[in-house]
Amino acid sequence: MIPLLHVDAFTDTAFRGNPAAVCLLDRPVDDAGWMQSVAAEVNLSETAFVAPLPDGDLDLRWFTPTVEVDLCGHATLASAHALWETGRLDSGESARFHTRSGVLAARQGEGVIEMDFPARPVAPAIVTDTEALGTPSPPLGTFDNGHQLVIELRDAESVLATAPDFSALGHTADRVWVVTAPAPDDSEADFVSRCFGPRYGIDEDPVTGSAHCALAPFWADRLGRTELVGHQLSSRGGRVAVHFRGDRVTLGGTAVTILRGDLLA
């Protein structure tokens, strides 16, 4: 039997933030087909598979219901949370995950889990097929980093009003689409976003840590500050604290376990 936890990440409230399943393995598994089948069965935006390595570090892989991905913030947060909550890591002990995006570290900060991720700055780019996003007005700018297409909109209302044609969007560029704008003046956040990935089996991702690896340098440059808070405006909602540090980004958030069980197959 394999312990399986359902964790809501980037939130301190159950049924908010972004849900992830975390499989706590005794050793790394090479059977990607089995892991993909588990992720499809669980059918959350991401399922993480965590296993100890001989040197005390951890192997970590992430799967959507349809594909394995190179980087996932919320499932990394969920994995670190699960390791501390189940006692597989001692309180105060850092987690070092070996992933397809290199070594990622997580530690317990002041009331949050802090994760060290690679920065993914975007550059201005000509992006076609933006009509499929259904934005209420033309974008102020379009950007690309090879992983995400970042579409800058005028304000938070425009981000909320964006109504994608997911069928059409799923046949466009092999990227995750991110729409973003400054947060309202009365908000506790600095910028807002929504994230769409129909090509990866996720029409709208509730809270996307990996997208904030692009949004952190994007908004740090515009706002002139390196420590910011992003608010993802999905129906579940969630906040991501970011600290842009050159080629790295610290992502901060909390998580809540809502279900524990055992995987039998």
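Overview of the structure.

The rules we used
- Residues numbered from 1 in each chain as written.
- Predicted model: local features only at pLDDT ≥ 70, side-chain atom pairs only at ≥ 80, totals over all residues.
- Heavy atoms only, no water.
- Buried < 20%, exposed > 50% of the residue type's maximum accessible area, 1.4 Å probe, protein only.
- Helix = DSSP H or I, 4+ residues; strand = E, 2+ residues; numbered from the N terminus.
- Pairing = 2+ DSSP bridges.
- Contact = heavy atoms within 4.5 Å.
- Phe/Tyr/Trp six-rings, centres within 6.5 Å; stacked < 30°, edge-to-face > 60°.
- Expected span 1.5 Å × (residues − 1).
- Disulfide = S-S within 2.5 Å.
- Patch = residues over 30% accessible without salt bridge, like charges linked within 9 Å, V, L, I, M, F, W, Y side chains within 5 Å.
- Areas by Shrake-Rupley, 256 points an atom, 1.4 Å probe, with all protein chains shown as cover.
- Salt bridge = Lys/Arg side-chain N within 4 Å of Asp/Glu carboxyl O.
- 1 Å grid on protein atoms, 1.4 Å probe; cavity = no way out; pocket = protein on both sides within 12 Å on 5 of 7 lines; lining within 4 Å.
- Points joined across faces, edges and corners; volume = space filled by probe spheres on them.
- Nonpolar A, V, L, I, M, F, W, Y, C, P; charged D, E, K, R; others polar.
- Core = buried A, V, L, I, M, F, W, Y, C linked by side-chain atoms within 4.5 Å.

**Concerning the pairing of strand β17 (residues 248-253)**
Then, in step 1: The element β17 is largely enclosed, with a buried count of 6 among its 6 residues.
Then, in step 2: As paired strands, strand β8 (residues 113-118) and β17 are joined by 6 bridges and run antiparallel to one another. Its bridge partner lying in β17, I113 is registered against G253.
Then, in step 3: Direction of pairing for strand β16 (residues 238-245) relative to β17: antiparallel, over a ladder of 5 bridges. Along β17, the bridge assignment pairs F244 with V249.

**Describing the environment of L60**
Then, in step 1: With respect to the secondary-structure elements, L60 resides in strand β4 (residues 58-63).
Then, in step 2: Residue classification places L60 among the buried residues on the basis of a relative accessible area of 1%.
Then, in step 3: Note: C-alpha distance between L60 and W219 (159 residues apart in sequence) is 29 Å.
Then, in step 4: Ignoring sequence-local partners within four residues, the contact set of L60 consists of A48, F49, V50, T76, S79, F97, H98 and T99.

**Concerning the packing of aromatic side chains**
Then, in step 1: Enumeration according to the criterion identifies 6 aromatic pairs in this entry.
Then, in step 2: Note on F143 and F218: the rings are 5.1 Å apart at their centroids and 75° apart in plane angle, and the pair reads as edge-to-face. Here the residue F143 occupies a position in strand β10 (residues 141-144), and F218 occupies one in helix α5 (residues 209-223), the gap between them amounting to 75 residues. Here the two residues F143 and F218 agree in accessibility, since each one is buried.

**Quick word on helix α2 (residues 73-85)**
Two residues of an α-helix separated by three or four positions point the same way, owing to the 3.6 residues in each turn.
Then, in step 1: Given a rise of 1.5 Å per residue, 13 residues ought to cover 18 Å, and the 18 Å separating the end C-alpha atoms of α2 matches this to within 8%.
Then, in step 2: Judged by how many residues are buried, α2 sits mostly within the fold: 12 of 13 residues are covered.
Then, in step 3: The complete set of buried residues in α2 reads G73, H74, A75, T76, L77, A78, S79, A80, H81, A82, L83 and W84.
Then, in step 4: Note on α2: the residue one or two positions beyond its end, G87, has a positive phi of about 80°.

**A short note on the state of the cysteines**
Then, in step 1: Evaluation of the coordinates by the stated rule reveals 0 disulfides.
Then, in step 2: Note on C72: no disulfide assigned, nearest cysteine sulfur contributed by C195 at a separation of 10 Å.
Then, in step 3: Left without a disulfide partner, C213 is nearest to the cysteine sulfur of C72, which lies 10 Å away.
Then, in step 4: A residue is classified by how much of its surface remains accessible, and C213, at 0% relative accessible area, is buried.

**Some words on a nonpolar patch on the surface**
Then, in step 1: Where nonpolar side chains cluster on the molecular surface, the patch consists of F15, I258 and L259 and spans about 310 Å² of accessible area.
Then, in step 2: Along the chain, F15 turns up in the loop between β1 (2-9) and β2 (18-24).
Then, in step 3: Judged by its relative accessible area of 59%, F15 falls in the exposed class.

**Points about the layout of surface pockets**
Then, in step 1: The computed volume of the largest pocket comes to approximately 450 Å³.
Then, in step 2: Partitioned by chemical class, the residues of the lining of the largest pocket number 10 nonpolar, 10 polar and 8 charged.
Then, in step 3: Empty space within the second largest pocket amounts to approximately 190 Å³.
Then, in step 4: Forming the boundary of the second largest pocket are F10, T11, D12, R16, V112, H231, R236, G237, G238, R239, G253 and T254.

**Details of the nonpolar core**
Then, in step 1: Counting 52 residues, the largest nonpolar core has W62 and F97 as the members making the most contacts within it.
Then, in step 2: If you look at the next biggest cluster of nonpolar residues, it comprises 17 residues, including V127, L169, A181 and A183.

Don't take any of this as a statement about function, it's just geometry.
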